[in-house]
Amino acid sequence: MSKQYNWYRLTDADDPVVAEQAIAVYEVHGKKICFSRFGGQLYAFAYKCPHAGGLLAEGFIDGQGNVVCPLHRYRFSLRNGYNSSGEGFYLKTYPIEMREDGIFVGMEKSWLSW
Ligand code: FES
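Residues numbered from 1 in each chain as written. Predicted model: local features only at pLDDT ≥ 70, side-chain atom pairs only at ≥ 80, totals over all residues.

## Focus on the overall build of the protein
Thought 1: What the protein contains, in helices and strands, is zero helices and ten strands.
Thought 2: Across the protein, helices and strands are ordered from the amino to the carboxyl terminus as β-β-β-β-β-β-β-β-β-β.
Thought 3: Relative to a compact globule of 114 residues, whose C-alpha radius of gyration would be 13 Å, the protein shows 14 Å and is just as compact.
Thought 4: Considered along the principal axes of its C-alpha atoms, the protein spans approximately 35 × 35 × 25 Å.
Thought 5: Looking at the protein residue by residue over its 114 residues, the buried ones come to 22%.
Thought 6: Excluding contacts between residues fewer than 6 apart, the proportion of contacts in the protein whose partners are at least 24 apart in sequence is 41%. (Helix = DSSP H or I, 4+ residues; strand = E, 2+ residues; numbered from the N terminus. Rg over C-alpha atoms; globule rule 2.2 N^0.38 Å. Buried ≥ 20, exposed ≤ 12 C-beta atoms within 10 Å, placed from the backbone. Contact = placed C-beta atoms within 7 Å.)

## A look at the sheet that holds strand E8 (residues 93–94)
Thought 1: If you walk across this open sheet you meet the four strands as E2-E3-E4-E8, and the pairing is antiparallel. The two strands at the open ends of the sheet, each matched to only one other strand, are strand E2 (23–28) and E8.
Thought 2: Pairing geometry for strand E4 (residues 41–46) and E8, over two bridges, is antiparallel. Note on E8: the bridge partner recorded for Ala-44 is Tyr-94. (Pairing = 2+ DSSP bridges.)

## With respect to unusual backbone geometry
Thought 1: In this model, Val-17 sits at a positive phi of 70°, which is unusual for a non-glycine residue.
Thought 2: Along the chain, the position of Val-17 falls in the loop between strand E1 (5–11) and E2.
Thought 3: Residue class for Val-17 comes out partly exposed when judged on the 17 C-beta atoms lying within 10 Å of it.
Thought 4: A positive phi angle, close to 50°, is found at His-29, a residue other than glycine.
Thought 5: When you line up the elements, His-29 lands in the loop between E2 and strand E3 (31–38).

Shown next, in the form of structure tokens:
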């Protein structure tokens, strides 16, 4: 079954949200999410590292489009959460849609919200 999302408007469509390779934190539907831009593309991913909860906003984005955790330097692809440094973890990422009226973030529906 394909994933179902609830979409939440983050901001105006022409709002840049975050500069290239910077990391910004916004609250979306009561949940803190990190945003970054790489190659002009906006990405959204979990606030905390899946390894031991490092705050990813205190890390940085490397030249290949990975977020690097500040605690143990594990790397995760902004595109899909793949743990590109090879420790076998998986970073949650969130889909983004650029619509005419704004930037929207998709959060998976849980059975509770159906
Ligand atoms: S907490 Fe992020 S790499 Fe360990």
